[in-house]
Protein chains: 2
Amino acid sequence: MQGASRFNRRAIKVGEALNLVLEAAVPGRRVTVPLREAGGRWLAESLTATTDWPPFPRSGLDGYAVRSADTALAAPESPALLRVVGTVAAGGLALAPLEQGTAVRIMTGGAVPEGADAVVMLEQTADALGAGDEPAVRVKSAAAPGQNIAQAGEEFRRGSVLAEPGTRIRPGHVALLGTFGYADVPVFARPRVAIMATGNELLPVGAPLEAGCIRDSNSSMIAAMVEQSGGEPLLLGRLADDPAAVEAALASALQQADIIITTGGVSVGDFDVMAAIIRGIRQNESADKLRQPDSMGYSSQLDYADNTQHSNSMEHAPYSESADNTQQSNSMEHAPYSESADNTQQPNSMEHAPYSADNTQQPDPLPYLLFDKVAMRPGSPTSAAVINGKLLFALSGNPGACFVGFELFVRPALLRLQGVSAEACAPRMMTAKLASNFEKGSPHERFVRTRLFSREGELYADPLAFNKSSMMASIPDAEGLIRLPAGPSGAASGSVVNVILLD
Amino acid sequence: MQGASRFNRRAIKVGEALNLVLEAAVPGRRVTVPLREAGGRWLAESLTATTDWPPFPRSGLDGYAVRSADTALAAPESPALLRVVGTVAAGGLALAPLEQGTAVRIMTGGAVPEGADAVVMLEQTADALGAGDEPAVRVKSAAAPGQNIAQAGEEFRRGSVLAEPGTRIRPGHVALLGTFGYADVPVFARPRVAIMATGNELLPVGAPLEAGCIRDSNSSMIAAMVEQSGGEPLLLGRLADDPAAVEAALASALQQADIIITTGGVSVGDFDVMAAIIRGIRQNESADKLRQPDSMGYSSQLDYADNTQHSNSMEHAPYSESADNTQQSNSMEHAPYSESADNTQQPNSMEHAPYSADNTQQPDPLPYLLFDKVAMRPGSPTSAAVINGKLLFALSGNPGACFVGFELFVRPALLRLQGVSAEACAPRMMTAKLASNFEKGSPHERFVRTRLFSREGELYADPLAFNKSSMMASIPDAEGLIRLPAGPSGAASGSVVNVILLD
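No experiment lies behind these values; they were computed from the predicted model shown.

### Describing the overall build of chain A
Step number 1: Scanning chain A from N- to C-terminus turns up 7 helices and 27 strands.
Step number 2: Long-range contacts, defined as pairs at least 24 residues apart, comprise 74% of the intrachain contacts of chain A with a sequence gap of at least 6.
Step number 3: Counting every atom, chain A has about 19,400 Å² of accessible surface; 51% of that belongs to carbon and sulfur.

Here is the structure:
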């Protein structure tokens, strides 16, 4: 495979590549987990309030429930004297309606009796004796109607939505779900992610170094990133640069995993085994297309608006890109998925169970290429394809490029498999000001590892040293990836840049 | 316990309370985990580069290794013609030194032969035939010395530190550790955290609601927060407001856990069982102090400088507070710990093993109080004590206050138990601009749930509705906690505030 054929890959833009990935990824299987284990998982169903909340008018503190009118003239030197007719502990039964001139002792969380419309905090009262030595209380200031009472239904109405499918379950969601009685929670199964490293130069991590060789550090790095993204890594080890062996390993991985990630061998080198396999897919696809002359061209169904100049929130920032659909991709005619497909027909991930392929019943769909070059640095040879309906990501062997490829494409795919909406799967972005000049221009957009810090409400991005794709020294310190647009001259200190936030 | 005694708690400042917690918390037991499972754990030892990195001069791309001087006059119309004397694959052995007028084909990651001082990318060359039909290559542009070569030792020198103890292991660290052969990684054991909810009004999450009652949602919320912080939650269930039963449950929890968290019962209500237990500790402590007249007063060993007006990075922002040591705490005379103690003598957490208390050999140290009131809203009754050398946190039963109490005090303690430096344990803070007025003043500093968004490089905090301590509706949406100083009038839109970042 000498000559030009290995160079004629068409580079597509990052946003276009991401769209292709997200169209090929569909939410996976659902499982149920106990509430106490639901934190950090992604919700699989819309869950609603099972009752109004609070379910009864609730005291916000310890004190006395009163009729506010009875305290209208109260002051420290002329307190209102109210007869105490009972006590409401949290969890106690509601009392009879409160009559004029009376009060009830009430604890935080207690049900405010009918007739009472305010709670006075204990510290603003004094014990007293009323007529006939009955227990009484002096209230030292006028209570406002509604004071210190959470009204029934104030926070939630029965049936209102607590969280939508694809929501990552945070501790606050856990509190809500517990409040409304969800002892078990429907979540998406963890995607199983096969990880393989290719390259004759690779040694196991535990081995002594040999001349010209390096240890396979990418597999463990990717495993850590998969865990961060909710997936279950399956480390399938190292493979020599032997196409037949790699193809066999891929076939085996397809039986076990929902997504496959390879590292290394994607560039234009003579022994770049993944590049050869990807070329094979492209060539088969071209042959197949000749047999399907009326296949439709690609048109993006996802609309990533350009928001470079606008606000974007930490939570909802879409991955912005000026859409450029003038270059049509030829890859979608084989796509077996649609966003609205009933996912019982889809390949599923398994939770704590051996994998049983549902798709043995049906012929495997033909593999198809998503992309084999992306207009970005680092990581331009990053490639992706769909085989047997499953995503294959062929990431660069350079650790910096491998890292960027994962953040831009694999993490979004893992989120999509766990039900996150396509829009919310894109990398989280914020805007920040460059803390120093970044002088290097680039013909493609560039992702630069950076620290982030704030000063007087302004967010600053300070690019890290050791930012070459082959370097990993600065990966642990990177809090973000500055996304610099293509251009001849980099960006000046103080200019506003988009930054992808890293976990 | 009627009357004034339950009101005379002395409120200490948040920073002071945090210092007391961090002085009482010490790094726990160490365990070793495989590299592939090390992501997200906290490193227990300083790990260093076991070799220079790269270990040899390494080609950054696929192309030809050349002597740059041989290409000095090369241009597309007048390429330099070099004889190709061999090929270096990644992992291949180094070749003989490169002689003048020659080149070697080299792959990404290949060892650059002696004599070569530049690599020309394949795309800038053309195959050719030299004299006598020898293989040759045309180089179309002048190569700069060092071009596309990573020099040996460029990123790391042997022995240089890769990461310090207490570092949270991110994917980039995993890559570094793999590169240098650390197949097993020393990390801190997960702290075991007992969680108990108190209150007669509490039902299990799975139970139907009863009049005046609510479900125990705090326990599951806390469990999710413990998991986020690297701890292992032990859910010990609900307890009635019965001091004897709660004391017995605490004694049992002390046998199983490294930290104990209770929720509810800390306020001034008649049935506030945790408040009664905390008062008991305070009273025992006072009696004990009478027997130790020469005990020393407290002086903080941690120095949290006031950085409100200065920059703070996302990673290293100390929890800022104008130190106020005029009010001396009386709690430190019993402290059995010091920061430099050999922690083999300390109570240890266990990893996948039943708990065996090391401290059965020695008499239990007396319990002592850290604080029973904090000058903050919400959560002022938040209390902490040390029993048998272990931290007890009594958090509010109000979900909003419980959440804040965990973020301010429990999460830092869990990080400290996992080796994070005391300075880095404090909540992560940034500065942001208020996106709207927050008009409510407060006699104590206030923590307000907020969303965060960026616009043109400025970070904005937009306070959420439903921010009362009893409300949980906005907890899931909170991306931060605005820290508003005490004052009569809140803060105006556009003013710069400190914000604690939430996971």
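### Structural notes on the pattern of salt bridges
Residue and element names in this part refer to chain B.
Step number 1: For the structure shown, the criterion picks out 19 salt bridges over all chains.
Step number 2: Across the pair Asp 372 and Arg 282 runs a salt bridge, and its minimum N-O distance is 2.9 Å. Taken as a pair, Asp 372 in the loop between β19 (368–371) and β20 (376–377) and Arg 282 in helix α5 (residues 273–290) lie far apart in primary sequence, 90 residues in all.
Step number 3: The residue Arg 483 makes a salt bridge to Glu 445 at a minimum N-O spacing of 2.6 Å. A residue pair is termed long-range when its members are at least 10 positions apart, and Arg 483 in strand β26 (residues 480–484) and Glu 445 in strand β24 (residues 445–455) qualify at 38 residues.
Step number 4: Owing to a relative accessible area of 10%, Arg 483 belongs among the buried residues under this scheme.
Step number 5: Its relative accessible area of 10% is what places Glu 445 among the buried residues.

### Some words on the sheet that holds strand β9 (residues 135–139) of chain A
Residues and elements named next belong to chain A.
Step number 1: Taken together, the 6 strands give an open sheet; going across it, the order is β7-β4-β6-β5-β9-β8, and neighbouring strands pair in mixed fashion. Sheet topology places β7 (118–121) and β8 (125–129) at the edges, where each strand pairs with a single neighbour. Adjacent strand axes in the sheet meet at a mean angle of 40°, parallel and antiparallel pairs treated alike.
Step number 2: Where strand β4 (residues 63–66) and β7 come together, 4 bridges link them in antiparallel fashion. Directly across from Ala 65, in β7, lies its bridge partner Val 119.

### Details of the sheet that holds strand β22 (residues 390–395) of chain B
Residues and elements named next belong to chain B.
Step number 1: On the basis of which strands lie adjacent, the open sheet formed by 6 strands has the order β16-β13-β17-β22-β21-β19 and mixed pairing. Both edges of this open sheet fall to β16 (232–239) and β19, since each of them pairs with a single strand only. In this sheet, neighbouring strand axes are inclined to one another by 20° on average, regardless of whether the strands run parallel or antiparallel.
Step number 2: Two strands pair when backbone bridges link them, and strand β13 (residues 192–198) and β16 are joined in this way by 6 bridges, in the parallel orientation. Considered in β16, the bridge of Arg 192 is made with Glu 232.
Step number 3: Contacting β19, β21 (383–387) and β22, helix α1 (residues 14–24) crosses the sheet at an angle of about 140° to β19.
Step number 4: Across the sheet, helix α6 (residues 399–417) touches β13, β17 (259–263), β19 and β22, and the angle it forms with β22 is around 170°.

### Side note on the interface of chain A and chain B
Step number 1: If you look at the interface, chain A gives 103 residues, while chain B gives 103 residues.
Step number 2: Between chain A and chain B, roughly 8,200 Å² of surface is buried when both sides are summed, and carbon and sulfur atoms account for 59% of that area.
Step number 3: Across the pair Glu 154 of chain A and Lys 468 of chain B runs a salt bridge, and its minimum N-O distance is 3.8 Å.
Step number 4: Contributions of two or more residues to the side of chain A that touches chain B are made by α2 (171–179), β15 (214–215), α3 (218–228), β18 (312–313), β23 (429–434), β24 (445–455) and β25 (458–463) of chain A.
Step number 5: The leading source of residues in the side of chain A that touches chain B is α2 of chain A, at 8 residues.
Step number 6: Here the side of chain A that touches chain B is built from residues that sort into 46 nonpolar, 33 polar and 24 charged.

### Regarding the pairing of β8 of chain A
Residue and element names in this part refer to chain A.
Step number 1: The sheet contact formed by β8 and β9 spans 5 bridges and is antiparallel. Within β9, the residue paired with Leu 129 across the bridge is Pro 135.
Step number 2: Between β8 and β9, which follow one another and run antiparallel, lie 5 residues, and Gly 132 among them has a positive phi close to 65°.

### Considering helix α1 (residues 14–24) of chain A
Step number 1: Across the 11 residues of α1 of chain A, 11 count as buried, placing the element largely inside the fold.
Step number 2: All of the buried residues in α1 of chain A are Val 14, Gly 15, Glu 16, Ala 17, Leu 18, Asn 19, Leu 20, Val 21, Leu 22, Glu 23 and Ala 24 of chain A.

### Focus: the side chain of Asp 62 of chain A
Step number 1: Here Asp 62 of chain A lies in the loop between β3 (58–59) and β4.
Step number 2: Separated by 2.9 Å, the side chain of Asp 62 of chain A and the backbone nitrogen of Thr 108 of chain A make a polar contact.
Step number 3: Not counting chain neighbours up to four residues away, the residues in contact with Asp 62 of chain A comprise Arg 105, Ile 106, Met 107, Thr 108, Val 120, Met 121 and Leu 122 of chain A together with Ser 267, Val 268, Gly 269 and Asp 272 of chain B.

### Regarding the relation of the copies chain A and chain B
Step number 1: The two copies are related by a screw operation: chain A maps onto chain B through 180° of rotation and 0.0 Å of translation along the axis, at an RMSD of 0.1 Å. Such a turn and shift between the copies fits a two-fold axis. Among all residues of chain A, the minimum C-alpha distance to the rotation axis is found for Glu 458 of chain A, at 2.2 Å.
Step number 2: Both copies share a contact surface, since 100% of the interface residues of chain A are interface residues in chain B too.

### Considerations on unusual backbone geometry
For residues besides glycine, phi is generally negative; the peptide bonds are generally trans as well.
Step number 1: For the bond from Trp 53 of chain A to Pro 54 of chain A, the omega torsion is -5°, close enough to zero to count as cis.
Step number 2: As for its position among the elements, Pro 54 of chain A is in the loop between β2 (47–48) and β3.
Step number 3: In this structure, the amide linkage connecting Arg 377 of chain B to the following residue, Pro 378 of chain B, adopts the cis form with an omega of -10°.
Step number 4: Notably, Glu 456 of chain A is not glycine yet its phi reads approximately 50°, a positive angle.
Step number 5: Structurally, the position occupied by Glu 456 of chain A is in the loop between β24 and β25.
Step number 6: Accessibility expressed as a relative area gives 34% for Glu 456 of chain A, which makes it partly exposed.

### Details of the side chain of Thr 179 of chain B
Step number 1: Residue placement: Thr 179 of chain B occurs in helix α2 (residues 171–179).
Step number 2: Here the side chain of Thr 179 of chain B touches Ser 217 of chain A through a polar contact of 3.2 Å, side chain to side chain.
Step number 3: Within polar-contact distance, the side chain of Thr 179 of chain B engages the backbone oxygen of Ala 175 of chain B at 2.8 Å.
Step number 4: If sequence neighbours within four positions are ignored, Thr 179 of chain B has contacts with Arg 215, Ser 217 and Met 472 of chain A together with Trp 53 of chain B.

### Topic: the packing of α3 of chain A against helix α6 (residues 399–417) of chain A
Residues and elements named next belong to chain A.
Step number 1: Closest axis-to-axis distance for the α3/α6 pair is 11 Å, and the angle between their directions is 30°. Classified by the angle their axes make, α3 and α6 are roughly parallel. Of the two elements, α3 crosses α6, and the hand of that crossing is right-handed. When α3 is examined against α6, the residues Asn 218, Met 221, Ile 222, Met 225, Val 226 and Gln 228 are found in contact with a partner set consisting of Pro 399, Cys 402, Phe 403, Phe 406, Glu 407, Arg 411 and Leu 414.

### Re the packing of aromatic side chains
All names here are of chain B.
Step number 1: Taken as a whole and judged by the stated rule, the model has 8 aromatic pairs over all chains.
Step number 2: Taking the centre distance of 5.5 Å and the plane angle of 85° together, the rings of Phe 156 and Phe 180 count as edge-to-face. A residue pair is termed long-range when its members are at least 10 positions apart, and Phe 156 in the loop between β10 (149–150) and β11 (161–163) and Phe 180 in the loop between α2 and β12 (184–188) qualify at 24 residues. The pair Phe 156 / Phe 180 is uniform in exposure class, with both members buried.
Step number 3: Ring centres 5.4 Å apart and planes at 15° place the aromatic pair Phe 453 and Tyr 460 in the stacked group. Each member of the pair, Phe 453 as well as Tyr 460, is classed as buried.

### With respect to the nonpolar core
Step number 1: Membership of the largest hydrophobic core comes to 84 residues, with the highest contact counts inside it found for Leu 370, Phe 371, Leu 391, Phe 393 and Phe 409 of chain A.
Step number 2: A per-element tally of this core places α6 of chain A first, with 11 residues.
Step number 3: For Phe 393 of chain A, the residues in contact, after removing those within four places along its chain, are Val 21, Ile 259, Ile 260, Ile 261, Thr 262, Ser 383, Ala 384, Phe 409, Val 410 and Ala 413 of chain A.
Step number 4: By size, the runner-up hydrophobic cluster in this structure holds 79 residues, among which are Trp 53, Leu 176 and Ala 189 of chain A together with Ile 222 of chain B.

The rules behind these values
Residues numbered from 1 in each chain as written. Chains lettered and ligands numbered in written order. Predicted model: local features only at pLDDT ≥ 70, side-chain atom pairs only at ≥ 80, totals over all residues. Heavy atoms only, no water. Helix = DSSP H or I, 4+ residues; strand = E, 2+ residues; numbered from the N terminus. Contact = heavy atoms within 4.5 Å. Areas by Shrake-Rupley, 256 points an atom, 1.4 Å probe, with all protein chains shown as cover. Salt bridge = Lys/Arg side-chain N within 4 Å of Asp/Glu carboxyl O. Buried < 20%, exposed > 50% of the residue type's maximum accessible area, 1.4 Å probe, protein only. Pairing = 2+ DSSP bridges. Axes fitted to C-alpha atoms, helices over the stretch in contact; angles between N-to-C directions. Buried area = accessible area lost by both parts, 1.4 Å probe. Nonpolar A, V, L, I, M, F, W, Y, C, P; charged D, E, K, R; others polar. Polar contact = N/O pair within 3.5 Å; in protein donor to acceptor, adjacent residues only side chain to side chain. Least-squares fit on C-alpha atoms with pLDDT ≥ 70 in both. Parallel < 35°, antiparallel > 145°, perpendicular 65-115°, else oblique. Left-handed = near helix turned anticlockwise from the far one by under 90°. Phe/Tyr/Trp six-rings, centres within 6.5 Å; stacked < 30°, edge-to-face > 60°. Core = buried A, V, L, I, M, F, W, Y, C linked by side-chain atoms within 4.5 Å.

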